[in-house]
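Per-entry structural report
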Amino acid sequence: MTRNFLVILAIVGSLSLLLGALAFQHLGGLAPCKMCIWQRWPHGAAVVFGALVLLVPLGVGAVRLLLGAGLLAALTTAAIGFYHTGVERGWWEGPSSCSSGSTTGMSTDELMDQIMSAPLVRCDEVAWQMLGLSMASWNMLASLLLAVFWLMALRRAA
């Protein structure tokens with residue numbers, strides 16, 4: 001497998017995980033918790049790093065740096081997925097705070113309506129699972145596979 005093919009696999013993998021999460025959210029009605037959102041950001045960064053490698057003419061050093069950043073992004077989302085899995089299984093405590101949307105320019109009544117209609121999504125409850133693994137666990141496993149693709153691409157970048 002060539003370096004570019006491995007980068008394409010990593011990009012497609014991250015995009016698939018992002019689109020899957022969005023489908024569960026918008027089509028399946030499963031609102032994400034705070035840690036679910038955290039797991040999405042590194043996938044987005046990995047897609048950008050991969051696109052730069054494929055589309056921008058860069059020197060070997062810059063390519064290696066971007067491939068390393070893609071590897072780090074995949075490992076970061078895997079680590080967050082592992083942490084989230086531990087919270088879901090009660091191995092440790094999760095964050096006590098919650099997230100909300102922007103309140104800029106909202107009246108008191110609009111703010112109260114937003115608060116009252118917002119779904120309560122807990123990080124320590126499994127919203128969906130397959131084969132005994134939650135979405136966070138599946139994200140962790142898939143992200144570790146993507147990290148292997150990034151590492152293999154990095155080794156071929158010399």
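As the structure is a computational prediction, the values presented were derived from the model and not from experiment. (Residues numbered from 1 in each chain as written. Predicted model: local features only at pLDDT ≥ 70, side-chain atom pairs only at ≥ 80, totals over all residues. Heavy atoms only, no water.)

Another point: the overall build of the protein chain. For the protein chain, the helix and strand inventory stands at five helices and two strands. Secondary structure elements in the protein chain, listed N-terminal to C-terminal, are α-α-α-α-β-β-α. When burial is assessed residue by residue, the protein chain has 30% of its 158 residues classed as buried. Of the roughly 9400 Å² that the protein chain leaves accessible, carbon and sulfur atoms contribute 68%. (Helix = DSSP H or I, 4+ residues; strand = E, 2+ residues; numbered from the N terminus. Buried < 20%, exposed > 50% of the residue type's maximum accessible area, 1.4 Å probe, protein only. Areas by Shrake-Rupley, 256 points an atom, 1.4 Å probe, with all protein chains shown as cover.)

Across soluble globular proteins, nonpolar side chains have a tendency to be buried as a group. Ranked by size, the top nonpolar core spans 20 residues in total, and within it Val7, Val53, Leu67 and Trp150 carry the most contacts. Where this core is concerned, the elements lending two or more residues are helix H1 (3-26), helix H2 (34-55), helix H3 (60-88) and helix H5 (135-155). Residues contacting Leu67, with those up to four places away along its chain left out, are Arg3, Val7, Val53, Trp150, Ala153, Leu154 and Ala157. (Core = buried A, V, L, I, M, F, W, Y, C linked by side-chain atoms within 4.5 Å. Contact = heavy atoms within 4.5 Å.)

Here H5 spans 30 Å end to end across 21 residues, near enough to the 30 Å set by a 1.5 Å rise per residue. Here H5 has its buried residues at Ala136, Ser137, Asn139, Met140, Ser143, Leu146, Ala147, Phe149, Trp150, Ala153 and Leu154. Elements that come into contact with the buried residues of H5 comprise H1, H2, H3 and strand S2 (133-134). (Expected span 1.5 Å × (residues − 1).)

Okay, the environment of Gly44 next. Relative to the assigned elements, Gly44 resides in helix H2. C-alpha separation for the pair Gly44 and Leu18, spaced 26 residues apart in sequence, amounts to 7.7 Å.

With that settled, consider the state of the cysteines. Applying the stated criterion to the full structure yields zero disulfides. Free of any disulfide, Cys36 has its nearest neighbouring cysteine sulfur in Cys33, separated by 3.4 Å. (Disulfide = S-S within 2.5 Å.)

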